[in-house]
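Here is what each chain is made of, one letter per residue.
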Amino acid sequence: MTTATKPSTQKAWAKALIPPAKEFPLTPLPLISGKIPEGLRGTLYRNGPGRLEREPKVRVGHWFDGDGAILRVHFTDDGATGLYRYVQTKGYKEETAAGKFLYGNYGMTAPGPIWNQWLKPVKNAANTSVLALPDKLLALWEGGQPHALDLQTLETSGLDDLAALDGGAPYSAHPKRDPQTGEIFNFGIAAGMNGKLNIYKSDSTGKILQKGEVQLDGIPLVHDFVFAGQYLVFFVPPVRLKALPVLAGISSYSDSLEWQPKLGTQILVVDRDTLSVVSRSETDPWYQWHFSNGYVDADGIVIVDFVRYKDFQTNQYLKEIASGETRTPAKPTLYQVRLNPQTGKAISVQELLNRPGEFPLVPQQYVGKASPHTYLSVFREGADIGKEILSAIARFDNQTGNLTETDLGENRYPTEPIYVTDALNPAQGWVLTVVYDGNSDTSEVWVMDSDRLDDQPVCRLALPSVVPMGFHGTWKPA
């Protein structure tokens, strides 16, 4: 936990993150421009840290520590409505009642007496992503169980073990849904002397039906994986937790993570049917938070697209975001690995796009298959990536290598782009994002034509209050 001082060189994005976000009730969203497409009917859900500060100028230690808040934007024939609520976790309710921080988290140790380091070591912040199931919404956080919320009201009902998360076993924030079968795959890392990778297969309701496990070397930081047809592929980066300082309560998880490039990046290929390891190998060291997509080509080679960092400086950059001023550049670029699934060996590792960007995804119907396009957030051309955050939306053509982007203008910052297939015309797609406008200190929902990202948005909707830039979202069709 850090005591904030006002930065002298703050960028416009900091204004969205420093004040705690304000909830708002179900509210009709006025049109700023354009009109809602007739085939856009359903609900956008987004998650991210809404509160980074308690007490005057006492802030969290890392962007990942902020309390999760969910935005729901519902599109109907009558227009769009918005709803924004904090996830009512146990820790959030206790800290709200006390008016101060009580728990430790990813980037901070618990305040107060030394015994708090063991009594209140980590708060489930429920702040990373969402999974929309038929009867509930899950707020996801990779260090623990998901929280279940009502799909309409966003009322929190509590932790959900999905019928199989024994003893509070973690459930990652990046589940993958097979568009053909509806099966949901996910993982969680259980700590110990060495970490254990628990792999889960669920039915379309989220109920876990099958589990697998893989022993790991040390305790690595694995944030995401990729669903590639017959396989689930994990890249285990050379980051390891020094457990003793964490267990002793003298260091946070974030500060106890060590970059060890000599370990290389481990590649694990897992069979989707048996959840058992097909192959295991090592390649060059790098770090990644997010994968774009994976598939098996006609020759049986697994293709994996992801955003690669040369090292773990990205963690320091993300820590600095919580202070409102960054100074550590960490360049993320889109890469592709081609690997032999039977040996796990990387046949090639190549950069696809040199433009710095993050939060890559493909349309849901292409998950696990070759996709013509990848959508991602990028930095504006010429931006100082050590001081700015992502500030444009782009589409990368996987055949031609062309990049088409929406320049939002100076001091405007989008969230992860969400691709939505038009309900009336499957060939038409829309890209949805929430934009913070630092010029007016307001937030908006933008709807863009996926084939014309360089045009003006087809629709802009005003939100009642600022919704800080967050992490991940999802779309639930009507």
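This is a predicted model, so every value here is computed, not measured. (Residues numbered from 1 in each chain as written. Predicted model: local features only at pLDDT ≥ 70, side-chain atom pairs only at ≥ 80, totals over all residues. Heavy atoms only, no water.)

## Digging into the overall build of the chain
The test is simple: Each helix corresponds to a stretch of at least 4 residues labelled H or I by DSSP, and each strand to a stretch of at least 2 residues labelled E; elements are numbered beginning at the N terminus. Here the globule rule reads 2.2 Å times residues to the power 0.38, and the radius of gyration is calculated from C-alpha atoms. Here's how the labels work: a residue is buried when its accessible area is under 20% of the maximum for its type, exposed when over 50%, partly exposed in between, all with a 1.4 Å probe on protein chains only. For this analysis, residues touch if any pair of their heavy atoms sits within 4.5 Å. Note on areas: these come from Shrake-Rupley sampling with a 1.4 Å probe, and a residue is covered only by the protein chains present in the view. Counted as positive: Lys and Arg. Counted as negative: Asp and Glu, with His and the chain ends omitted from the count. Just so you know, the charge point we use is NZ for Lys, CZ for Arg, CG for Asp and CD for Glu.
If you tally the helices and strands in the chain, you get 5 helices and 35 strands. Against the globule reference of 23 Å for 478 residues, the chain gives a C-alpha radius of gyration of 21 Å, in line with a compact fold. Structurally, the chain occupies a C-alpha span of about 60 × 55 × 45 Å along its principal axes. Split into buried and exposed, the 478 residues of the chain put 60% on the buried side. Summarising the internal contacts of the chain: among those between residues at least 6 apart in sequence, 60% fall at separations of at least 24. Of the accessible surface of the chain, which amounts to about 18700 Å², a share of 50% is contributed by carbon and sulfur atoms. If you average the places of the 46 positive and of the 53 negative side-chain charges in the chain, the two averages end up 4 Å apart.

## Digging into helix H5 (residues 313-321)
Regarding H5, the residues found buried are Thr314, Asn315, Tyr317, Leu318, Glu320 and Ile321. The inward-facing, buried residues of H5 contact helix H1 (14-17).

## Section: helix H2 (residues 90-98)
To keep things clear, this is the line we draw: Along the arc lie the directions from the helix axis toward the C-beta atoms.
Restricting attention to buried positions, one finds in H2 the residues Gly91, Tyr92 and Glu95. The buried residues of H2 occupy an angular sector of 100° when projected down its axis, which confines them to one face. Residues of H2 that are exposed and angled more than 90 degrees away from the buried face: Lys90 and Ala97. On its buried side, H2 packs onto strand S4 (42-51), strand S6 (67-76) and strand S7 (79-86). Immediately downstream of H2, the backbone of Gly99 shows phi near 75°, a positive value.

## Observations concerning the side chain of Gln266
Short version of the rule: Counted as a polar contact is a pair of N or O atoms within 3.5 Å, where, for protein atoms, one must be capable of donating a hydrogen and the other of accepting one, and residues adjacent in sequence contribute only when both atoms are in side chains.
With respect to the helices, strands and loops of the structure, Gln266 is situated in strand S20 (residues 265-271). Within the structure, Gln266 has its side chain in polar contact with the side chain of Asp217 (distance 3.3 Å). Among residues more than four places away in sequence, those in contact with Gln266 are Asp217, Phe234, Phe235, Val236, Arg240, Arg280, Ser281 and Glu282.

## Observations concerning unusual backbone geometry
Phi at Leu154 is positive, roughly 65°, even though this residue is not glycine. Mapped onto the elements, Leu154 comes out in the loop between strand S10 (147-149) and strand S11 (156-159). Note on Leu154: relative accessible area 0%, which makes it buried. For Ala163, which is not glycine, the phi torsion reads 70° and is therefore positive. On the secondary structure map, Ala163 appears in the loop between S11 and strand S12 (176-177). Residue class for Ala163 comes out exposed when judged on its relative accessible area of 53%.

## A few points about the sheet that holds S20
To keep things clear, this is the line we draw: We treat two strands as partners when DSSP finds at least two bridges between them. Lines fitted to the C-alpha atoms define the axes, with helices restricted to the stretch that makes contact. Angles between their N-to-C directions range from 0 to 180 degrees.
Within the open sheet, the 4 strands sit side by side as S16-S17-S20-S21. Their pairing is antiparallel. The two strands at the open ends of the sheet, each matched to only one other strand, are strand S16 (226-228) and strand S21 (277-283). Taken pair by pair, the neighbouring strands of this sheet meet at an average axis angle of 20°, ignoring direction. Of the strand pairs in this sheet, S20 and S21 are connected by 6 bridges, and their pairing is antiparallel. By the bridge assignment, Ile267 is partnered in S21 with Ser281.

## Some remarks on the packing of aromatic side chains
Let me state the cut-off plainly: Aromatic contacts are taken between Phe, Tyr and Trp rings whose centres are within 6.5 Å, Trp giving its six-membered ring; a plane angle under 30 degrees counts as stacked, one over 60 as edge-to-face, and the others as tilted.
Tallied over the full model, the rule gives 22 aromatic pairs. With 5.4 Å between their ring centres and 80° between their planes, Phe64 and Trp289 make a pair best called edge-to-face. Taken together, the residues span a long stretch of sequence, with Phe64 in the loop between strand S5 (58-59) and S6 and Trp289 in the loop between S21 and strand S22 (291-296) at a distance of 225 residues. By relative accessible area, which is 17% here, Phe64 ends up buried. Given a relative accessible area of 4%, Trp289 falls into the buried group.

## With respect to the nonpolar core
Note the following rule: Joining through side-chain atoms within 4.5 Å is the link that ties buried Ala, Val, Leu, Ile, Met, Phe, Trp, Tyr and Cys residues into a set, and such a set is a nonpolar core.
With 46 residues, the main nonpolar core has Trp13, Leu221, Trp289, Phe312, Ile321 and Met469 as its most contacted residues. Only H1, strand S18 (239-241), H5, strand S27 (373-378) and strand S28 (392-397) provide two or more residues apiece to this core. Among the nonpolar cores identified, the runner-up in size contains 36 residues, and Val73, Tyr86, Leu432 and Val434 belong to it.

## Some points on the sheet that holds strand S35 (residues 473-477)
Within the open sheet, the 5 strands sit side by side as S2-S7-S6-S4-S35. Their pairing is antiparallel. This sheet does not close on itself; its edge strands, each paired only once, are strand S2 (24-28) and S35. For this sheet, the mean angle separating the axes of adjacent strands, direction not counted, is 15°.

## Some thoughts on the environment of Thr89
Mapping Thr89 onto the fold places it in the loop between S7 and H2. When its relative accessible area of 2% is taken as the criterion, Thr89 is described as buried. Taking the C-alpha atoms as reference points, Thr89 and Leu159, separated by 70 residues in sequence, lie 8.3 Å from one another. In this structure Thr89 touches Asn124, Ala126 and His147, once residues within four positions along its chain are discounted. One polar contact links the side chain of Thr89 to the main-chain amide nitrogen of Tyr92, over a distance of 2.9 Å.

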